[in-house]
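# Observations on the model geometry
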Amino acid sequence: MPDRITSKTMYASLAGYLEDLQESGVEGVPVAIPREPHPDTPKNVSHVKNLEELACQVQDCTKCGLSAERKRVVFGQGNPKARLVLVGEAPGAEEDRQGIPFVGDAGMVLTRLLKAMGLSREDVYICNVIKCRPPGNRNPHKDEIVACSGYLKQQLALINPQVLVALGTFAAQTLLATKEPISRMRGHFHPMPGHKNLAVMPTFHPAFLLRNQENREHFWEVWDDMTKVLAHLGLPIPDKQRR
């Protein structure tokens, strides 16, 4: 009974309020209509203002099983407004330990390559397709790539580079959505799907150069790729003589 009386009283008060509005010349009551999300807004994507905010988000990621075995998330490192971004496959043991991309033996090769180009790690941005180390350094599984793909897309959107270097077969095939071997892709710029203004240069992974040190031709092939990157960016090309 108390609820019924309260309801009647409420309706009576509301009716009186509407009558007062009508007498004062108001013909309707404005209603706030919730806005629909913009059709181009990705679902389940947290909007971030900068790489620092995104890195904090990724640190707690549990989207795939790799989160259970990692020591550290390897988000990325370098200039947040770099014109050149280098993307590898996945973190290795040393990267997992330090939380920094390309700090093992392959990382030393990459650092020397950048120095030969007249650049430093602080001039570019370095990251991987996925942010956690796969067990035994195996190739990432498809579900792991899918789970991590949004982070790389956000990184690239925030950095807005002009050129992306895909380091190795796996990174190149993933970024370009293709099964072409790296030997066919390298040496040419490719448009990245969904990023019409981003030129992708696939090249051999530094670890490949380490495993094939006796074949110096591979190094010169990578150097040829990097001279094209420098030319695309309008940067000076150091003179390197083949021996």
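Please read these numbers as outputs of a predicted model, since none were measured by experiment. (Residues numbered from 1 in each chain as written. Predicted model: local features only at pLDDT ≥ 70, side-chain atom pairs only at ≥ 80, totals over all residues. Heavy atoms only, no water.)

Okay, the overall build of the chain next. Within the chain one finds nine helices and six strands. Taken across its 243 residues, the chain has 41% of its residues classed as buried. Contacts in the chain between residues far apart in sequence, at least 24 positions, make up 67% of those at least 6 positions apart. Looking at the chain as shown, the accessible area adds up to about 14,900 Å², and 53% of this sits on carbon and sulfur atoms. (Helix = DSSP H or I, 4+ residues; strand = E, 2+ residues; numbered from the N terminus. Buried < 20%, exposed > 50% of the residue type's maximum accessible area, 1.4 Å probe, protein only. Contact = heavy atoms within 4.5 Å. Areas by Shrake-Rupley, 256 points an atom, 1.4 Å probe, with all protein chains shown as cover.)

Okay, the sheet that holds strand S4 (residues 163-167) next. With respect to topology, six strands assemble into an open sheet ordered S1-S3-S2-S4-S6-S5, the strand pairing being mixed. One side of each edge strand has no neighbouring strand; the edge strands of this open sheet are strand S1 (77-78) and strand S5 (190-192). Here S4 pairs with strand S6 (residues 195-203) via five bridges, running parallel. Looking at S6, one finds that valine 163 is bridged to alanine 199. Along the sheet, helix H5 (residues 142-159) makes contact with strand S2 (84-88), strand S3 (125-128), S4, S5 and S6, crossing S3 at roughly 170°. (Pairing = 2+ DSSP bridges. Axes fitted to C-alpha atoms, helices over the stretch in contact; angles between N-to-C directions.)

The next point concerns the side chain of glutamate 144. Structurally, glutamate 144 can be placed in helix H5. Polar side-chain contacts of glutamate 144 include one of 2.8 Å to the backbone nitrogen of histidine 141. Among all residues touching glutamate 144, those that are not within four sequence positions of it are Cys64, Leu66, Ile130 and Arg138. (Polar contact = N/O pair within 3.5 Å; in protein donor to acceptor, adjacent residues only side chain to side chain.)

Once that is clear, we can look at the environment of glutamate 95. Along the chain, the position of glutamate 95 falls in helix H3 (residues 93-98). Along the primary structure glutamate 95 and arginine 133 are separated by 38 residues, whereas in three dimensions their C-alpha atoms are 8.1 Å apart. Discounting chain neighbours no more than four positions away, the residues touching glutamate 95 are Val74, Ile100, Pro101, Phe102, Val103 and Gly104.

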